Amino acid sequence: MGYRRRDFLRDATVAAALLPRLARAQPKQPVKLELPAVIATWDYGVELCVAAQKSFAAGGDLLDALEKGVNVVEDDPAVHSVGYNGLPNEDGVVQLDASIMDGRGHRAGAVGAIERIKNPISVARKVMEKTTHVLIVGAGANAFAKKLGFKEQELLSKEVRAEWEASRKANKESFWRDDKHDTVCAIALDAKGNLATAVSTSGLPNKLSGRLGDSPIIGAGSYCDNDVGGAAATGIGELAIKNAASFAIVERMRAGLDPTRACQEILDRVVKKHPEVKTDPRAQLAFIAMAKSGVVGAAVLRPQKKLFRYALARGTSAAPALVEVKPLISA
Ligand code: ASP
């Protein structure tokens, strides 16, 4: 039997009914984002991205780009919460935390409460590359760095010491301004699709000696999985640790969420578990994330004087963009 007009009309009707569904079912053409890509926290993330771009352009490896980028921020005396000129603990000593994670081989290295070494990220990289360990802290971290030839120096500038001393005399809480501390966090994706994360900080000002924040804790302050993406945190480290925040964000991305949703969902979870953060204006937490596709996202708990922004570089020649993130709660 031939194909009759009645059959044609039936097929045409069925096709017309299916069309919108078919259109919806079409897999979205993935947008090809330019690589390498680097995302980094805060305004100083721009200088980090520029240094990383230069390193990539000169043929540098993913880890070289991240390390060089973080080093620039650690070396910058104008940045008071990372590396040289970082914020002192309650004994007036700068103790630094840092970690690095390489998606290739799922490797990680970290140092905690290291003193008198301005580039803890470089020591963390050595822990990853030269030992079978992940985290070395305190005097052990200093001894390890010394053995490798890292130079020791005073990290506290006269200016920050004076501020700290004055605050001790007055009210020690005054040194802990809500927007004073922060962490340089960076995630990079190279042209081959490999991911790495790096974070470095002096942690919370006036912290107890030996206190480790989230930054040296893999899964809390940073985490990456080469199949999925990377994430990193800045803010009150204890909140990030108690919620394994960076790991949780990457796992939400693995489940199919885009990086922004994944960051927001974990921030939501933190607020649910710790409702007191809603009314404590000092409680701050922010995340950045990058998916394997190069798509990025971020979330921040609350507005503060210093706006939470991240820098984003795509490719090696375009100037990084600075992107402001809308806070989850309004005060
Ligand atoms: N997360 C850091 C810490 O708790 C501090 C910060 O990023 O503000 O040590």
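Residues numbered from 1 in each chain as written. Predicted model: local features only at pLDDT ≥ 70, side-chain atom pairs only at ≥ 80, totals over all residues. Heavy atoms only, no water.

*Asks:* Would you explain the pattern of salt bridges in this entry?
*Replies:* Once the charged atoms of two side chains with opposite charge are near each other, the side chains can pair. Scanning all chains against the criterion turns up 17 salt bridges. Across the pair Glu238 and Arg211 runs a salt bridge whose closest N-O atoms are separated by 2.8 Å. One end of the pair, Glu238, is in helix α7 (residues 237–242); the other, Arg211, is in the loop between β6 (195–201) and β7 (222–225), and 27 residues separate them in sequence. Assessed through its relative accessible area of 29%, Glu238 is described here as partly exposed. For Arg211, a relative accessible area of 13% gives the class buried. Residues participating in the shared-partner salt-bridge network are Asp61, Asp102, Arg104 and Arg107. (Salt bridge = Lys/Arg side-chain N within 4 Å of Asp/Glu carboxyl O. Helix = DSSP H or I, 4+ residues; strand = E, 2+ residues; numbered from the N terminus. Buried < 20%, exposed > 50% of the residue type's maximum accessible area, 1.4 Å probe, protein only.)

*Asks:* Could you clarify how one ought to interpret the site of the ligand in this entry?
*Replies:* The ligand sits among His181, Asp182, Thr183, Gly203, Leu204, Arg211, Gly213, Asp214, Thr234, Gly235 and Gly237. In this structure, an oxygen atom belonging to the ligand sits 2.4 Å away from a side-chain N or O atom of His181. Taking Thr234, its side chain carries an N or O atom lying 2.9 Å from an oxygen atom of the ligand. Against a free-state accessible area of 270 Å², the protein chains account for coverage of 100% of the ligand. In a pocket analysis with a 2 Å cut-off to the grid points, the ligand is assigned to the largest cavity. (Near = heavy atom within 4 Å. Polar contact = N/O pair within 3.5 Å; in protein donor to acceptor, adjacent residues only side chain to side chain. Areas by Shrake-Rupley, 256 points an atom, 1.4 Å probe, with all protein chains shown as cover. 1 Å grid on protein atoms, 1.4 Å probe; cavity = no way out; pocket = protein on both sides within 12 Å on 5 of 7 lines; lining within 4 Å. Sits in = over half its atoms within 2 Å of the grid points.)

*Asks:* Teacher, can you tell me more about the sheet that holds strand β8 (residues 229–235) here?
*Replies:* Sheets are built from strands paired through backbone hydrogen bonds, the pairs being either parallel or antiparallel. The sheet built from four strands is open, its strands ordered β7-β8-β9-β10 with antiparallel pairing. Each of the sheet's edge strands pairs with one partner strand only, and the pair in question is β7 and β10 (296–300). On average, each strand axis in the sheet is tilted by 10 degrees relative to the strand beside it, whichever way the strands run. With seven bridges connecting them, β8 and strand β9 (residues 285–291) associate as antiparallel partners. Within β9, the residue paired with Gly229 across the bridge is Ala291. Helix α8 (residues 245–254) rests against β7, β8 and β9 of the sheet, and its axis sits at about 145 degrees to β8. (Pairing = 2+ DSSP bridges. Axes fitted to C-alpha atoms, helices over the stretch in contact; angles between N-to-C directions. Contact = heavy atoms within 4.5 Å.)

*Asks:* Looking at this structure, how should I read empty space enclosed by the protein?
*Replies:* Empty space among the atoms can be located by rolling a probe the size of a water molecule over them. In the structure shown here, the tally under the stated rule is two cavities of 30 Å³ or more. For the lining of the largest cavity, the residue count by class is one nonpolar, nine polar and four charged. (Points joined across faces, edges and corners; volume = space filled by probe spheres on them. Nonpolar A, V, L, I, M, F, W, Y, C, P; charged D, E, K, R; others polar.)

*Asks:* What am I meant to see in the pairing of strand β2 (residues 95–102) here?
*Replies:* In regular strands, side chains alternate between the two faces of the sheet. Most of β2 is tucked away, with eight of its eight residues classed as buried. Residues Gln95, Asp97, Ser99 and Met101 line one face of β2 and the alternating positions Leu96, Ala98, Ile100 and Asp102 line the opposite face, and both faces are buried. Both β2 and strand β3 (residues 107–115) contribute to a ladder of seven bridges, which runs antiparallel. Paired with Asp102 across the strands is Arg107, a residue of β3. In sequence, β2 turns back onto β3 through a hairpin of four residues, with Gly105 there showing a positive phi of about 85 degrees. Strand direction decides the pairing type here: β2 and β6, joined by six bridges, are antiparallel. Residue pairing across strands places Ala98 opposite Ser200, the latter belonging to β6.

*Asks:* Would you explain helix α5 (residues 138–147) in this entry?
*Replies:* Along an α-helix, residues three or four positions apart point the same way, because every turn accommodates 3.6 residues. For α5, the set of buried residues is Gly138, Ala141, Asn142, Phe144 and Ala145. When α5 is viewed along its axis, its buried side chains cluster within an angular range of 160 degrees and face the same direction. Of the residues in α5, the exposed ones pointing more than 90 degrees away from the buried face are Ala139, Lys146 and Lys147. Structurally, α5 contributes buried residues whose contacts are with β3, α4 (120–130) and β4 (135–137). Trailing α5 by a residue or two, Gly149 shows a phi angle of about 90 degrees, which is positive. (Arc of directions from axis to C-beta.)

*Asks:* How do you make sense of the nonpolar core when you look at a structure like this?
*Replies:* If you look at the biggest cluster of nonpolar residues, it comprises 92 residues, and the most contacted ones within it are Ile249, Phe287 and Ile288. When residues of this core are assigned to their parent elements, the largest contribution, seven residues, is made by β9. Setting aside its immediate chain neighbours within four residues, Ile249 contacts Ala231, Ala262, Cys263, Ile266, Phe287 and Ala289. (Core = buried A, V, L, I, M, F, W, Y, C linked by side-chain atoms within 4.5 Å.)

*Asks:* Can you walk me through the environment of Met253 in this structure?
*Replies:* Turning to its location among the elements, Met253 is positioned in helix α8. On the basis of relative accessible area, Met253 is assigned to the buried category, the value being 8%. Linking Met253 and Met290, residues 37 residues apart in sequence, is a C-alpha distance of 9.2 Å. Contact partners of Met253, with chain neighbours within four places excluded, come to Val228, Gly229, Gly230, Pro259, Ala262, Ala289, Met290 and Ala291.

*Asks:* Is there a simple way to think about the packing of aromatic side chains in this case?
*Replies:* Here the distance between the centres and the angle between the planes together describe a pair of aromatic rings. Inspection of the entire model under this criterion finds two aromatic pairs. With 5.0 Å between their ring centres and 80 degrees between their planes, Trp42 and Phe308 make a pair best called edge-to-face. Residue Trp42 is located in the loop between β1 (37–41) and α2 (45–57), and its partner Phe308 is located in the loop between β10 and β11 (309–314); the two are separated by 266 residues in the primary sequence. For Trp42, a relative accessible area of 7% corresponds to the buried category. A residue is classified by how much of its surface remains accessible, and Phe308, at 4% relative accessible area, is buried. Relative to Phe247, the ring of Tyr223 lies with its centre 5.0 Å away and its plane at 80 degrees, an arrangement referred to as edge-to-face. Here the residue Tyr223 occupies a position in strand β7, and Phe247 occupies one in helix α8, the gap between them amounting to 24 residues. Among the residues examined, Tyr223 registers a relative accessible area of 11% and is labelled buried. When the ring centre of Trp42 is taken as reference, the NZ or CZ atom of Lys306 above it lies at 4.6 Å. (Phe/Tyr/Trp six-rings, centres within 6.5 Å; stacked < 30°, edge-to-face > 60°. Lys NZ or Arg CZ within 6 Å of the ring centre and 35° of its normal.)

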